[in-house]
Amino acid sequence: MRFDVKPNEDAFLASKKFPIFAVADGVTQSHYPNGRYALPYGAKEAAHIFCRSIIKYLEKSLSKSHSDILQNVRMIFKDEEIKNQIIKSFDSANVKIKKLNEKHGIQKRMDYKEHDWFDTVGIVAAVFKNELHYGFVGDCGLIIFDKDNNKKFQTKDMVRPAVKRFNEIYPDWKKLDPLKRQFIIRKDFRNNPNKKGYGSFTGQTGVEHYYAIGKKKLNKGDVAVLYSDGFFELLKDRDFIKILRKQNKKQLNAFVMQKAKTNPHKYGDDRTFVSIIF
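Residues numbered from 1 in each chain as written. Predicted model: local features only at pLDDT ≥ 70, side-chain atom pairs only at ≥ 80, totals over all residues. Heavy atoms only, no water.

S.K.: Explain the side chain of threonine 202 to me, please; I cannot follow it from the model alone.
M.R.: You can see threonine 202 is positioned in the loop between helix 6 (178–189) and strand 7 (212–217). Once residues lying within four places of it in the same chain are set aside, the contact partners of threonine 202 are Asn94, Ile97, Lys98, Asn101, Trp117, Phe118, Asp119, Arg190 and Asn191. (Helix = DSSP H or I, 4+ residues; strand = E, 2+ residues; numbered from the N terminus. Contact = heavy atoms within 4.5 Å.)

S.K.: Looking at this structure, how should I read the sheet that holds strand 5 (residues 141–145)?
M.R.: Backbone hydrogen bonds are what pair the strands of a sheet, in a parallel or an antiparallel way. Taken together, the four strands give an open sheet; going across it, the order is 6-5-8-9, and neighbouring strands pair in antiparallel fashion. With partners counted over all chains shown, the strands left at the sheet margins are strand 6 (151–154) and strand 9 (273–277), one partner each. Taken over all neighbouring pairs, the strand axes of this sheet differ in orientation by 15° on average, direction set aside. In terms of strand pairing, strand 5 meets strand 6 through three bridges, oriented antiparallel. Its bridge partner being in strand 6, isoleucine 143 is matched across the sheet by glutamine 154. In the packing of helix 7 (residues 238–246) onto the sheet, contacts are made with strand 5, strand 8 (223–227) and strand 9, and the angle to strand 9 comes to roughly 65°. (Pairing = 2+ DSSP bridges. Axes fitted to C-alpha atoms, helices over the stretch in contact; angles between N-to-C directions.)

S.K.: Help me understand helix 3 (residues 79–103) in this model?
M.R.: Structurally, the α-helix is built with 3.6 residues per turn, so residues lying three or four positions apart point the same way. Between the first and last C-alpha of helix 3 there are 37 Å, a value that for 25 residues agrees with the 36 Å anticipated at 1.5 Å per step. Residues of helix 3 that are buried: Ile82, Gln85, Ile86, Ser89, Phe90, Ser92, Ala93, Asn94, Ile97, Leu100 and Asn101. Phi for glycine 105, located one or two positions after helix 3, is positive at around 65°. (Expected span 1.5 Å × (residues − 1). Buried < 20%, exposed > 50% of the residue type's maximum accessible area, 1.4 Å probe, protein only.)

S.K.: Quick question: what am I supposed to make of the packing of helix 7 against helix 8 (residues 249–262) here?
M.R.: A pair of packed helices is characterised by two quantities: the angle between their axes and the separation of those axes. Their axes nearest at 9 Å, the elements helix 7 and helix 8 cross at an angle of 155°. When the axis of helix 7 is compared with that of helix 8, the two are roughly antiparallel. The interaxial crossing formed by helix 7 with helix 8 has left-handed handedness. Where helix 7 approaches helix 8, its residues Asp239, Phe240, Ile243, Leu244 and Lys246 are matched on the opposing element by Gln251, Leu252, Phe255 and Val256. Grouping the amino acids of the contact of helix 7 with helix 8 by side-chain chemistry returns six nonpolar, one polar and two charged. (Parallel < 35°, antiparallel > 145°, perpendicular 65-115°, else oblique. Left-handed = near helix turned anticlockwise from the far one by under 90°. Nonpolar A, V, L, I, M, F, W, Y, C, P; charged D, E, K, R; others polar.)

S.K.: Explanation requested: the environment of threonine 120 in the structure shown.
M.R.: The residue threonine 120 is located in strand 3 (residues 120–128) in this model. Residue threonine 120 is classed as buried on the basis of its relative accessible area of 0%. The spacing of threonine 120 and aspartate 10 is 110 residues in sequence and 8.9 Å in space, taken between C-alpha atoms. If we skip the residues at most four places from it in the chain, threonine 120 touches Ala24, Asp25, Gly26, Val27, Ala46, Ala47, Phe50, Ile97, Ser200 and Phe201.

S.K.: Sorry if this is basic, but what is going on with the sheet that holds strand 1 (residues 10–14) here?
M.R.: Across the sheet, which stays open at both edges, the five strands sit in the order 1-2-3-4-7 with antiparallel pairing between neighbours. On the outer flanks of this sheet lie strand 1 and strand 7, each paired with one strand and no other. Between one strand axis and the next, the sheet turns by 15° as a mean value, whatever way the strands run. Sheet analysis places strand 1 next to strand 2 (residues 20–26), joined by five bridges and oriented antiparallel. Bridged to phenylalanine 12 within strand 2 is valine 23. In the packing of helix 3 onto the sheet, the strands contacted are strand 3, strand 4 (131–137) and strand 7, and the crossing angle to strand 4 comes to about 30°.

S.K.: Explain the packing of aromatic side chains to me, please; I cannot follow it from the model alone.
M.R.: A ring pair, where both rings are aromatic, is described by two values, the distance of the centres and the angle of the planes. Summed over the entire model, instances satisfying the criterion amount to 10 aromatic pairs. Each ring, one from phenylalanine 166 and one from phenylalanine 189, has its centre 5.7 Å from the other, and the planes form 75°; the classification is edge-to-face. Taken together, the residues span a long stretch of sequence, with phenylalanine 166 in helix 5 (residues 159–169) and phenylalanine 189 in helix 6 at a distance of 23 residues. Residue classification places phenylalanine 166 among the buried residues on the basis of a relative accessible area of 2%. (Phe/Tyr/Trp six-rings, centres within 6.5 Å; stacked < 30°, edge-to-face > 60°.)

Written out as structure tokens, the structure reads:
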């Protein structure tokens, strides 16, 4: 079942060498006046570039220090070193997305409306012994449930506060032309160095002000989930978490599709997740 004519613009990737995982959500472009979705290939490609670049960079940086299993690598890397590696991997991904935009000449036709940067938000996580180190930008997130399926941690959506500030600055925003709203949000709020906007990997400077890096201790029986925002509402459903823990893909797909049929607006968006059972 398709709930939107645009392609699925999410991406995910897991390292084959180490327990490193990435999820990305390509930012949807605008539509032309005739209703056709503008440049549908860009957001999806940006999301895939993010995942491939992040995983490749972290694999390489870890392999340089140790070729043994990751629990031994953890003894070499200090927390600050891990944080710096995640930051550098984000910088690397942003450079590659910049090259994507240059390849398609976006900067030459850039108007923040019909033609905008190909960009993506995303999250990466790496498990070192009993600790999960993560970094994210935008509204992709990490949530951790304990052995009893109670939520013990969740990252904060950094896009929602920016939208709230926009609404406060423009109280009559509903009266604004949709393209005008997009122009303001993309030009004035996205990657604004004042840190009062939101971050997105566009290839431009400014996104580094929105890198959110952290770590959480994992206990036996914990379930960690990296997700795109399409899964945000489903992660509030305890039945979903119970099915997720069973790792039954058929049952999980049936549950998710039923939810999407019941409420396409709430559950039918692009949705991708990676779960880690500790």
